[in-house]
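# Structure assessment
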Amino acid sequence: MVTKAETYHIPVLLKESVDGLAIKPGGIYVDVTFGGGGHSREILSRLGGKGRLFSFDQDEDAEANIGDVTAEGFTFVRSNFRYLKNWMRYYKISSIDGLLADLGVSSHHFDDETRGFSFRFDAPLDMRMNNRAGRTAADVVNEETEERLASIFYLYGELKSARRIAAAIAKARKEAPISTTQDLLRIAEPIFNREREKKDMAKLFQALRIEVNQEMEALKEMLRAATQLLAPGGRMCVITYHSIEDRIVKNLIKTGNVEGRIEKDFFGNVDLALKPVNNKVIIPDQNEQAHNPRSRSAKLRIAEKK
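Per-chain numbering applies: the sequence of each chain, read as written, is numbered from 1 onward. Owing to the predicted nature of the model, reporting of local features is limited to residues with pLDDT of at least 70; listing and counting of side-chain atom pairs is limited to 80 or more, with chain, interface and lining totals taken over all residues. Remark: hydrogens and water are excluded; side-chain values derive from all non-hydrogen atoms of the structure.

The criterion, for reference: UniProt positions are given in the numbering used here, feature names are shortened, and annotations may be inferred rather than shown by experiment.
As recorded in an unreviewed UniProt entry, the protein goes by the name Ribosomal RNA small subunit methyltransferase H, listed as coming from Hallella colorans. The Subcellular location (unreviewed entry) comment attached to the protein in UniProt states, word for word, "Cytoplasm". Under the heading Catalytic activity (unreviewed entry), UniProt records this for the protein: "cytidine(1402) in 16S rRNA + S-adenosyl-L-methionine = N(4)-methylcytidine(1402) in 16S rRNA + S-adenosyl-L-homocysteine + H(+)".

## Observations regarding the overall build of the protein
Let me state the cut-off plainly: Strands here mean DSSP runs of E at least two residues long; helices mean DSSP runs of H or I at least four residues long; both are numbered from the N terminus. In this treatment the radius of gyration is a C-alpha quantity, and the globule benchmark scales as 2.2 Å times the residue count to the 0.38 power. Three exposure classes are used, based on accessible area relative to the maximum for each residue type with a 1.4 Å probe and protein chains only: buried under 20%, partly exposed in between, and exposed over 50%. Computed with the Shrake-Rupley method and a 1.4 Å probe, the accessible areas treat only the protein chains shown as cover for residues. Note on charges: Lys and Arg go in the positive column, Asp and Glu in the negative column, and His and the chain ends are not counted at all. We put the charge of a Lys on NZ, of an Arg on CZ, of an Asp on CG and of a Glu on CD.
Counting its regular elements, the protein contains 14 helices and seven strands. Scaling as 2.2 N^0.38, a compact globule of 306 residues should have a C-alpha radius of gyration of about 19 Å, and the protein matches this with 20 Å. Projected onto its principal axes, the C-alpha coordinates of the protein cover approximately 60 × 60 × 40 Å. The 306 residues of the protein split such that 53% are buried. Element-wise, carbon and sulfur atoms account for 50% of the exposed surface of the protein, whose accessible area totals about 15100 Å². Each charge sign in the protein was given a centre, from 47 positive and 44 negative side chains, and these centres are 5 Å apart.

## A few points about the pairing of strand 1 (residues 28-31)
The line we're drawing: Any two strands are treated as partners once DSSP identifies two or more bridges connecting them. Note on handedness: a clockwise path from strand one over the helix to strand two, with the strands aimed away from the viewer, defines a right-handed crossover.
Across the two faces of strand 1 the burial is the same, with Ile28 and Val30 and Tyr29 and Asp31 all buried. Inspection of the sheet shows strand 1 paired to strand 2 (residues 52-56) by four bridges, in the parallel sense. Paired with Val30 across the strands is Phe54, a residue of strand 2. Where the polypeptide runs from strand 1 across helix 3 (residues 38-47) and back to strand 2, its parallel neighbour, the crossover connection is right-handed.

## So, the nonpolar core
Basically, it comes down to this: Definition of nonpolar core: a set of buried residues of the types Ala, Val, Leu, Ile, Met, Phe, Trp, Tyr and Cys, connected through side-chain atoms within 4.5 Å. In this document the domain limits rely on a domain assignment from an automatic tool or a database.
By size, the foremost hydrophobic cluster in this structure holds 63 residues, and its most contacted members are Leu84, Leu99, Phe153, Met222 and Leu223. Both domains that meet at this core, namely domain 1 (14-108 + 216-305) and domain 2 (113-213), each give it at least three residues.

## Remarks on the packing of aromatic side chains
Worth spelling out the cut-off: Centres within 6.5 Å make a pair out of two Phe, Tyr or Trp rings, where for Trp the six-membered ring is used; the pair is then stacked when the planes are under 30 degrees apart, edge-to-face when over 60, and tilted otherwise.
Applying the stated criterion across every chain, the model contains seven aromatic pairs. Between Phe54 and Tyr91 the ring centres are 5.2 Å apart and the planes differ by 45°, which places this aromatic pair in the tilted class. Taken together, the residues span a long stretch of sequence, with Phe54 in strand 2 and Tyr91 in the loop between helix 5 (84-90) and strand 4 (96-102) at a distance of 37 residues. A ring pair is formed by Trp87 and Tyr91, whose centres lie 6.1 Å apart and whose planes are at 25°; its orientation type is stacked. When its relative accessible area of 26% is taken as the criterion, Trp87 is described as partly exposed. Members of the aromatic cluster, joined through ring pairs, are Phe54, Trp87, Tyr90 and Tyr91.

Encoded structure:
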């Protein structure tokens, strides 16, 4: 029988990412993207009733997946992972032995017709991971300046037609508010090349989703906090799905900061807090990609605190 958690989200690179944590009994671990709970359950099974696991998710639908996760030492934190440092302080945790992050969007969000994450359905243009607060995608397309919209589409969607899409939106919203996914489709479709229409539409929705949820800002804050919290020898395993977030993770590991700046001390040495465990990114094998389409763009980077 398929459980709700399994249909909510199939964990990507499950074995590889949890193996990468090099879990030790009695350790303290954090899963900042609980989702369907797949990674958290695997971590708990390896802790064997010892140690602690803190699992974060800001979506109330994810909280419903806790279900049978009743292991001693498990704590669910309903919050954006950008507040990792604050919550660890709240629970009086000064250091952790490992952190896992499966970035991006759960399968559930794309399949939920009411949330507006996918252009497959006619739905309110929402896209909030936490549907209790914050601006919706409709707020963004109706309220941001044309110039700002172009920047969002170019930076977060890497769309060459960003300016044309922004101009079309600015013109359309003068006639009527843009409220649904289909409203946005009708505006953008004429601009896209027929052969790349679905890929470009996916990039447009990705860009709006990133802006609505402030994903890059949240990711940077979480990575900085994780680097500070990791104990020497502690591991960080991060699964990314697009080049923007992957670049941020790669920058942190290679340069010591999320911006990718090379900063040297007086003697010309680069002080790095982390060292890469895998110099080459780990990607899902052909079998996983065949059974879980979401995994096809996944990349796993593992780093260890010096």
